[in-house]
Amino acid sequence: MAIYPLKETKSPPQSQIKAVVWLKENLFSSALNIALTFVALYLIYLLLPPILNWTIFNANFDLAADNQSCGREGACWAFINSNLKMFIYGFYPQEELWRVNTMFGIIVALVVFGSLIKESQYRAHYIIGSFLIYPVIAFFLLHGGLGLEVVETDKWGGLTLTVVVAAVGIVASFPLGILFALGRQSEMRIVKFISVIYIEFVRGVPLITILFMASVVLPLFFSAGMDFDKLLRALIGITLFQTAYIAEVIRGGLQAIPKGQYEAADASGLSFMQKTVLIILPQALKISIPNIVGSFIALFKDTTLVLIIGLFDMLAIVGAATSNSSWLGREAEGYVFVAMVIWVILYSMSRYSKKLETRFSTEHK
Amino acid sequence: MSELTNKEIDKKGCCDIIEINGLNKWYGDFHALKSIDLKVKEGEIIVVCGPSGSGKSTLIRCVNFLEKFQEGSIIVDGTELTDDVKKIRQIRSEVSMVFQHFNLFPHLNIIDNLTLAPIWVHNKTKQKAREKALQLLDRVGIKDQANKYPNQLSGGQQQRVAIARALCTSPKIMLFDEPTSALDPEMISEVLDVMVDLAKEGITMVCVTHEMGFAKKVADRIIFMDEGQIVEENDSDAFFDNPESDRLRLFLDQILSQ
Ligand SMILES: Nc1ncnc2c1ncn2[C@@H]1O[C@H](COP(=O)(O)OP(=O)(O)OP(=O)(O)O)[C@@H](O)[C@H]1O
Ligand SMILES: [Mg+2]
């Protein structure tokens, strides 16, 4: 018999400096990689200086400057400053801007409060309640009525409009998408048939086409005298569009649920509704989160297309602001600014979804 | 029948709680169950065994209508199984099932797994359901895991949770479909112990299993199936000592020599 003494625990050998190892592994691992690295470096060398020059070194940061005094060799950030209100609120009347701010304020408050009651047993009630009540409040604030002065939707614009269009598209398409996903799985032939036709039709058509159809075709169904709100038409079109994509994403989640889950739910006597709501959907939605968020991000970008049917979202505001004679020729500043804002929003969305994902996967699989 | 105090009398003497008559089932063209007749008395422990693909699972899954069948009739506790959703749900609320792969709900913790059906199907209050759930978890020896999620437990623990979940609705009948065959050897006995306990209590059990030790110990009757039919059925002593058909003899040779 032999007895072996316990061995000491040692740290791994550290022969090389970390940064050097990283460079070797990631940038210079093969001949092709080395070539690509140098091409990339050359491109950066070509592009970076002019970009930095335009946005920073040659730019004019004097926020009180006007188009003439700004000069042409760099960006004129005074343009953004003097049109900031329009970028955010569109043509919403000056004295009513508090209503938009209140609307954004409430949503921030709701989110903050929601994160404070993470442990509460009423959290689900709170979230569902918010989703049901907030849209009503938001519509009342933005649109007016009941004592508030009415602001017609053609005055809405800028970031506000972008957010409204994206939020309505997201919130409305989610439950509809769930219904169509379930419909596509249904054993009832008719339901399944309608769902498949709808989903495949919409997914085969670009959003622009749907927006045009919504703005041109939809009014044909209504009597000539009836004024059918342009924004409403766009919202319907976007919701119809997004519903089909969400339905497909959720169907993917549904398909990943093992048969045993359905059987266990059936065997314990749950009704179809109970089985779907309590067992199947929670698991399917959890799996689908990354793809759902991905689809929402795509939608957020697509909302810029509403400018084509004459709505003034943030991108369209650039055109409106630069057609003002005092800011002619400042499109570049406008587009760069809009791109930055949209990027910040989308990047936060995608970070948030990453967070959700890791939370769910550490809590339970 | 509930006045009967002596379980022995109860088992031998009373009424059929499951009555299967001329049951035929096809998967497409494949004849999976061939004219099955089987009566199970209240409180009886039935073990079903047979080679893979012989239709054991299919048979017990017909009892709670997880599988549809084309011919014959099944009467459970006086209610005949038809397509009627209400009747199916009523029968399912009296019949619990334990699966080979546990099929716990992974998004719910253990206690919520147990209280789901009592709350939603049997209209119990949360409080009552919880009390009963904790009691049952205690009985299967895992009370301290109540707030964990299924994937945080070992296979044996998960199957014990599944048994507790099945018991939570106070079923009249328990169906087991190979409850130990997905488990590592060292966990099999902890699950079998729980089942032996159950068998002593007079609940009706129909159990598909290859655990012949368990069958010998608790079964009132053992049923041997092959190729979609019941080939032989006998009380547990005679079943092992005097197998009549060649097929059963061959099967026992194979399974006991392992
Ligand atoms: N959904 C199905 N579609 C088609 N054939 C099926 C289906 N389910 C089972 N079968 C077939 O029916 C027969 C009986 O299957 P069953 O699952 O009842 O066997 P089993 O006795 O439980 O076997 P095992 O011991 O492997 O679990 C098998 O031949 C199987 O291939
Ligand atoms: Mg089986």
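Residues numbered from 1 in each chain as written. Chains lettered and ligands numbered in written order. Predicted model: local features only at pLDDT ≥ 70, side-chain atom pairs only at ≥ 80, totals over all residues. Heavy atoms only, no water.

What follows covers the overall build of chain B. Scanning chain B from N- to C-terminus turns up 10 helices and 10 strands. For chain B, whose C-alpha radius of gyration is 18 Å, the value lies close to the compact-globule estimate of 18 Å for 258 residues. Reported as C-alpha extents along the three principal axes, the dimensions of chain B are approximately 50 × 45 × 45 Å. Counting only residues that meet the buried cut, chain B has 55% of its 258 residues in that class. Taking the contacts inside chain B whose residues are at least 6 apart along the sequence as the reference set, 66% of them involve residues at least 24 apart. Per element, the accessible surface of chain B, about 11,900 Å² overall, is 46% carbon and sulfur. Charged side chains in chain B number 31 positive and 40 negative. The centres of these two groups are separated by 7 Å. (Helix = DSSP H or I, 4+ residues; strand = E, 2+ residues; numbered from the N terminus. Rg over C-alpha atoms; globule rule 2.2 N^0.38 Å. Buried < 20%, exposed > 50% of the residue type's maximum accessible area, 1.4 Å probe, protein only. Contact = heavy atoms within 4.5 Å. Areas by Shrake-Rupley, 256 points an atom, 1.4 Å probe, with all protein chains shown as cover. Lys, Arg positive; Asp, Glu negative; His and termini not counted. Charge placed at Lys NZ, Arg CZ, Asp CG, Glu CD.)

It is worth spelling out the sheet that holds strand β4 (residues 71-76) of chain B at this point. Residue and element names in this part refer to chain B. Taken together, the four strands give an open sheet; going across it, the order is β2-β1-β4-β5, and neighbouring strands pair in antiparallel fashion. In this open sheet, the two strands that pair with only one neighbour each are β2 (30-41) and β5 (79-80). The sheet contact formed by strand β1 (residues 16-27) and β2 spans eight bridges and is antiparallel. Residue Ile20 lies in a different strand from β2, and its bridge partner there is Leu38. Across the sheet, helix α2 (residues 56-63) lies against β1, β2 and β4, angled at about 125° from β1, the strand it touches most. (Pairing = 2+ DSSP bridges. Axes fitted to C-alpha atoms, helices over the stretch in contact; angles between N-to-C directions.)

Each partner contributes residues to the interface: chain B has 21 residues there, and chain A has 20 residues. Remark: the boundary between chain B and chain A carries one salt bridge. With a closest N to O distance of 2.7 Å, Glu263 of chain A and Arg61 of chain B form a salt bridge. Across the chain B-chain A interface, the total number found is eight residue pairs in polar contact (both at pLDDT 80 or more). For the side of chain B that touches chain A, the secondary structure elements donating two or more residues are α3 (85-94), β6 (95-98) and α4 (110-120) of chain B. Residue composition of the side of chain B that touches chain A, by class: 12 nonpolar, five polar and four charged. (Salt bridge = Lys/Arg side-chain N within 4 Å of Asp/Glu carboxyl O. Polar contact = N/O pair within 3.5 Å; in protein donor to acceptor, adjacent residues only side chain to side chain. Nonpolar A, V, L, I, M, F, W, Y, C, P; charged D, E, K, R; others polar.)

Accessible area lost on assembly of the parts is the figure often given for the size of an interface. Residues and elements named next belong to chain A. Segmenting chain A into domains produces domain 1 (78-92 + 151-356) and domain 2 (93-150). Between domain 1 and domain 2, the C-alpha centre-to-centre distance is 19 Å. Of the roughly 1,300 Å² buried at the junction of domain 1 and domain 2 (both faces included), carbon and sulfur atoms supply 72%. Among the residues domain 1 hides against domain 2, the three largest losses belong to Tyr89, Tyr92 and Val151. Together they make up 53% of the total. At the boundary of domain 1 with domain 2, the tally comes to five residue pairs in polar contact (both at pLDDT 80 or more). Among the elements of the structure, α4 (78-89) and α7 (158-185) are those that each provide at least two residues to the side of domain 1 that touches domain 2. Among the elements that take part in the side of domain 1 that touches domain 2, α7 stands out by supplying four residues, more than any other. Partitioning the side of domain 1 that touches domain 2 into residue classes produces eight nonpolar, one polar and two charged. (Domains from an automatic or database assignment. Buried area = accessible area lost by both parts, 1.4 Å probe.)

Okay, a nonpolar patch on the surface next. Residues and elements named next belong to chain A. Taken together, the side chains of Trp22, Leu23, Phe28, Ile34, Phe38, Leu41, Ile44, Leu48, Leu52, Ile56, Phe57 and Phe61 make up a nonpolar region of the molecular surface, amounting to roughly 1,200 Å² of accessible area. At eight residues, the largest contribution of residues to the nonpolar patch is made by helix α2 (residues 31-57). Within the element layout of this structure, Leu48 appears in helix α2. What makes Leu48 partly exposed here is its relative accessible area of 41%. (Patch = residues over 30% accessible without salt bridge, like charges linked within 9 Å, V, L, I, M, F, W, Y side chains within 5 Å.)

Residue and element names in this part refer to chain B. Spatial ordering of the open sheet is given by β6-β7-β8-β3-β9-β10, a layout of six strands whose pairing is mixed. In this open sheet, the two strands that pair with only one neighbour each are β6 and β10 (229-235). With direction set aside, neighbouring strand axes in the sheet form an average angle of 15°. Packed on one face of the sheet, α3 meets β6 and β7 (173-177) and runs near 65° to β6. On the sheet, helix α7 (residues 185-200) packs against β3 (45-49), β7 and β8 (204-208) and is oriented at approximately 145° with respect to β8.

Residue and element names in this part refer to chain B. One can find Ser96 in strand β6. Engagement of the side chain of Ser96 in a polar contact is seen with the side chain of Thr169, the distance being 3.4 Å. If near-sequence neighbours (up to four positions away) are discounted, Ser96 is found in contact with Ala166, Thr169, Pro171, Ile173, Met174 and Leu175.

Bringing the pattern of salt bridges into the picture now. Counted under the stated rule, the structure contains 17 salt bridges over all chains. Note that Glu96 of chain A and Arg99 of chain A form a salt bridge whose closest N and O atoms lie 2.8 Å from each other. Taken individually, Glu96 of chain A and Arg99 of chain A each receive the classification buried, so the pair is uniform in this respect. Glu201 of chain B is paired through a salt bridge with Arg139 of chain B; the nearest N and O atoms lie 3.1 Å apart. Within this pair, whereas Glu201 of chain B is found in the loop between α7 and β8, its partner Arg139 of chain B is found in helix α5 (residues 126-139), the two being separated by 62 residues in sequence.

This next bit is on helix α11 (residues 259-267) of chain A. Across the nine residues that make up α11 of chain A, a large majority, seven, are buried. What α11 of chain A keeps buried is the set Gly260, Gln261, Glu263, Ala264, Ala265, Asp266 and Ala267 of chain A. Among the structural elements, α12 (272-302) of chain A together with α2, α3, β6 and α6 (155-167) of chain B are those in contact with the buried residues of α11 of chain A. Just past α11 of chain A, the residue Gly269 of chain A takes up positive phi, approximately 90°.

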